[in-house]
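Below, each chain spelled out in residue letters.
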Amino acid sequence: MPVVELSYSRLQKLLGKVSKKQISDSLPFLGLDIESEDKDLVRVEYSPNRPDYSTDLGIALGLQGLFGIKTGAIKLNIKKSNDYVIHVEQSVSKIRSFVTGIIAKNGRIDDTMIKQLMAMQEDLHFGIGRKRKKSSIGIHDLDKVSFPLRYTTTKRDHRFVPLNSDKELTISEILDNTDVGQDYGAILGNSPLVPLILDSKKQTISFPPIINAAITTVTTKTRNLFVEVTGINKDDAEDMLSVVATILQTAGFTLVSTKISGSKNTSPKLEPKKILINSVLINQMLGLNLTNSQIISSLKKSRLDATLKGKNIVCSIPSYRFDIFGPMDLVEEVTLGYGIQNLEPILSPSQTLGQTNPISIKLKSLSLIMIGLGYTEALNSSLTSKRVLYEMTNREPINMISVLDSKSQEHTILRDSILPGLLENLSRNIHTSYPQKLFETGTIFSQGNPINEITSFAGISAHQDSTFTEIKSILQSALKTGFDLDIETKTFSHPIFEEGRTASISVHGKTIGIIGEINSKTIENYKIRVPVVGFEISLSGLILD
Amino acid sequence: MSQVFHEIEKKIITSLKNNPKQTPENLEKSTNLSPDQIRRGIEWLKLKELAIVNESQTINISLGKNGLESFHKGLPERRLLDLLKNESKKLQDLQTELGSVFGPAMGLARKNNWVDTSEDKIFLKNYPSELPGEKTLKQIGENKISKNEIDIDDLPSILKRPDFIVEDIIKTKEVSLTENAKSIEITSSSSAIDVESKVPVVFVARTHPLKDTIDEIREIFVTLGFTEIIGSMAQPSFWNFDALFTPQDHPARELQDTFYLDGLSAKKIGTSEQIRKISESHKKNWRYYWDINEARKMVLRTHTTCVTIKHLAENKPDEARVFSLGRVFRNEKVSYKHLVEFNQIEGVVIGKNATLRDLMGIQREFYRRIGITKIKFWPTFFPYTEPSLQTMVYNDRLEKWVELFGMGIFRPEVTKPLGITKPVLAWGGGIERIAMLKYGLDDVREFYNNNLSWLRSATKCQ
């Protein structure tokens, strides 16, 4: 989850008469988890579906609603203008089809604001931008840009001075030699042409989705901004734009429209959308009896607009709240506006009778029997390693099921047997008193259609006098007492077990597993100093369906 | 009632009754037991509070080379005074007579006003009958004696002189009987055994503590009217993600968070209607190209929600309470708070009258039954529920609120394509976290270490 750092004193400035404690108590009720606090600073985690919470300005809007300082939707006041035109050329349609943008004038930008804008941009890129693939954003100093602009394409030998650089680089050099180029260049694939925004003086403004030009760099001296968003989907690009527009307006900028045309592109409207709801759905879902006016006031506290129309409530959702899909999302908005702390939990009598799964019941019985026989239950990961599964026990890996890109070397392969894990457990306990008797029931995996999951059961006994007879007696008693099953053993060979002291186990003529004295090589590999005997059988098809 | 003793104990007690304070070495001689038997016997008696062992340190002192010389010839200053007893003498003559000790002897004699000088001669002024240190020298003589026996006022005067006094630190143990033991009658034979003595520790075989927690949680939900369902750990992405409205380009679906099974895809992932409706819902709401091959990719389930949603999609009940309990997987770095594989419980209530308050009520009741009463609810976000909440519970040991189960009502984008028409309340969370609170563990890895010392000692009923 993304994190934003807030300053209580800045929030207090934005909110008015609200104490630090009131703020910190209320942040969780916006869905913001406080990660850490240090005097005036607080770091909160916000959900990726609320990119408006990536700045303190956005969070202040939410808190104003909760505190009742300002309620209702934030309306974007966009001045109409014909001065800011972007022509889109046909050539972009196969690479990155859409561009949209807005002008923000007469604002003040301090260092904190620049930091927050950068952070918001990064979070938008990562979240709804899907690492810039779906849409990406560029914020420019308007006064360095000469309209009209052209959204076009260029060859990879095109040169300009990119952001944070002092010399001209070609597109290829940017993609090969800069961090952003290496991180995001793959989005452009192998296309010989790449997208580019040029101004009327043929200056490069931006090379989306990779980097802006240095010439339009925003500093604390910048007063007027040009924000552009490019992407592969028009609606996504406009969603992203509306978050930035809302935050900039909140920061005191005056918004002015852009005019976009060409190759299926149109000017952004950033208008609220309307969703109809009624009190029945809300009360049914929440288990409350809210009146229409309570619902409307709760929605307004969640910074939405709502009016009554007949029996329905018409809810107007500002464009930056694209996390709202339909009426159920508004149920949540009502909940938050009403306050979760005001919802009293109720325990209604159950209309259904509960039942433990028969598999759980049988496995529980089996474990109680094993405990009666003096065996302690062990638990091992089913995702384990080649070392434990194969190398230490001298088994040959066949049709291993591995996971991709595991962050832990000890967890790369799904186990096809439980015994190797139990042997590894013994090796970690060689300084603990013997006898050591362990069992485990759990899932083992094999390739099938596409994967077979089988419940397996294994036991081991390690002490100075452990013998084949002992372990066979144990398994025999466990299955006889538990499930009235008789086992037979037949000479067999298996790499985990000692030759001549290994048998296959069968019940009613069907082979279910293997039993024997553990091979001395395995024992040595694990530096275990006592003889070990063990078994493993499949319970699926035997006592489990 | 008479106590029962081991033969070794009997011998030691008897010996100490005759000779109340003995060193272990003495006891060896008086009882004919080996040093090891004596050591063990003393330990047993100490545990029973029948014997006390006083460890003391004594300093033995004897005379060094110069000390011995003075013992035989007299202290240098005494020798000086003796030489002057009858007549005054020239300094040179005294020097010749006394040699190297003349200087210090003369210094002392002058300082104490025993002698004086006139022209080139030294004469006696005073003849003390006993000089400081003489008494001590006489007392020690050629023996070793304990420092305690020495006149403590007289010792310092010669203690500082080089090689006069040699100190030897001796540590001694002295065993004696306690008051209780003094009244013990040792009987020579009896069939009685020592019923009060300590016995060896044996270890019970037991179920795994985490399994105990799992069983407890299972039991609670069954008694709350829930039926347990079990599903596969390896799932097509379709049920783990797509059916739960998680778009295919969502960061949670990336390799770095989810375990994909190398080269494995499911041929059959759902009915054609399920696939069609889910893909439509994704295209409409998330605006991207939905790829069925992406949905076929096999993953290790990241939650058990895939099991319950599949169950609901297959059975479409109007009224049901089901839960699923089992292992889930996340591609994380293993640490004291994260495992790649852990247990999760996840349950749903479906019913025409199911409300968010019911969901909160079930949670509160569950926590009450596991002994947690301080809880509150906070909003949160999950892709497949709306509204979404999380429970915060107060941990007295850590003195802070910790996050436990998440919950919410399944989004219509989840239920509608699968033909589920009634509201579905869903909740779930990790079991290890609860077990950690229960067993007071700070490191979640402990559950899977299979450390026998811990398994054998963790209290079963917490």
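Note that the structure is predicted; figures quoted are calculated from it, not measured.

Here's the deal with helix α3 (residues 35-47) of chain B
Since there are 3.6 residues in each turn of an α-helix, residues three or four apart along the chain are aligned in direction. Residues and elements named next belong to chain B. Taking 1.5 Å of rise per residue, 13 residues should cover 18 Å, and α3 covers 18 Å from first to last C-alpha, within 8% of that figure. Listed in full, the buried residues belonging to α3 are I38, G41, I42 and L45. The arc that holds the buried residues of α3, viewed along the axis, is 100°, so those residues lie on one side. Turned more than 90 degrees off the buried face of α3, the exposed positions are D36, E43 and L47. In this structure, the buried side of α3 is in contact with α1 (7-18), α2 (24-31), β1 (51-63) and β6 (165-177).

Description of the sheet that holds strand β2 (residues 89-90) of chain B
Hydrogen bonds between backbone atoms are what pair the strands of a sheet, whose relative direction is either parallel or antiparallel. Residue and element names in this part refer to chain B. Taken in spatial order, the three strands of this open sheet run β2-β4-β3, and their pairing is antiparallel. Unpaired on one side and paired on the other, β2 and β3 (115-118) mark the two borders of the sheet. In the sheet, β3 pairs with strand β4 (residues 121-124) via four bridges, with the strands oriented antiparallel. If you follow T117 over to β4, its bridge partner there is I122.

Focus: the pairing of strand β12 (residues 341-350) of chain B
With respect to burial, β12(B) is a largely interior element, ten of its ten residues being buried. Side chains E341(B), N343(B), I345(B), G347(B) and V349(B) project from β12(B) onto one buried face, and the interleaved F342(B), Q344(B), E346(B), V348(B) and I350(B) project onto a second face that is buried too.

Considering the domain arrangement of chain B
Examined at the domain level, chain B breaks down into domain 1 (1-50 + 178-197), domain 2 (63-168) and domain 3 (209-457). The C-alpha centroid of domain 2 of chain B is placed 53 Å from the C-alpha centroid of domain 1 of chain B.

Observations regarding the sheet that holds strand β20 (residues 376-377) of chain A
All names here are of chain A. Pairing is mixed in the open sheet, where seven strands are placed in the order β20-β23-β24-β28-β27-β26-β25. Looking along the sheet, the strands with just one partner apiece sit at the ends: β20 and β25 (488-491). Pairing of strand β23 (residues 436-447) with strand β24 (residues 451-462), which is carried by twelve bridges, proceeds in the antiparallel orientation. Bridge pairing links I444 to I454 in β24. Relative to β24, helix α13 (residues 419-427) is tilted by about 35°, and along the sheet it contacts β23, β24, β27 (510-518) and β28 (532-538).

Criteria and thresholds
- Residues numbered from 1 in each chain as written.
- Chains lettered and ligands numbered in written order.
- Predicted model: local features only at pLDDT ≥ 70, side-chain atom pairs only at ≥ 80, totals over all residues.
- Helix = DSSP H or I, 4+ residues; strand = E, 2+ residues; numbered from the N terminus.
- Expected span 1.5 Å × (residues − 1).
- Buried ≥ 20, exposed ≤ 12 C-beta atoms within 10 Å, placed from the backbone.
- Arc of directions from axis to C-beta.
- Contact = placed C-beta atoms within 7 Å.
- Pairing = 2+ DSSP bridges.
- Domains from an automatic or database assignment.
- Axes fitted to C-alpha atoms, helices over the stretch in contact; angles between N-to-C directions.

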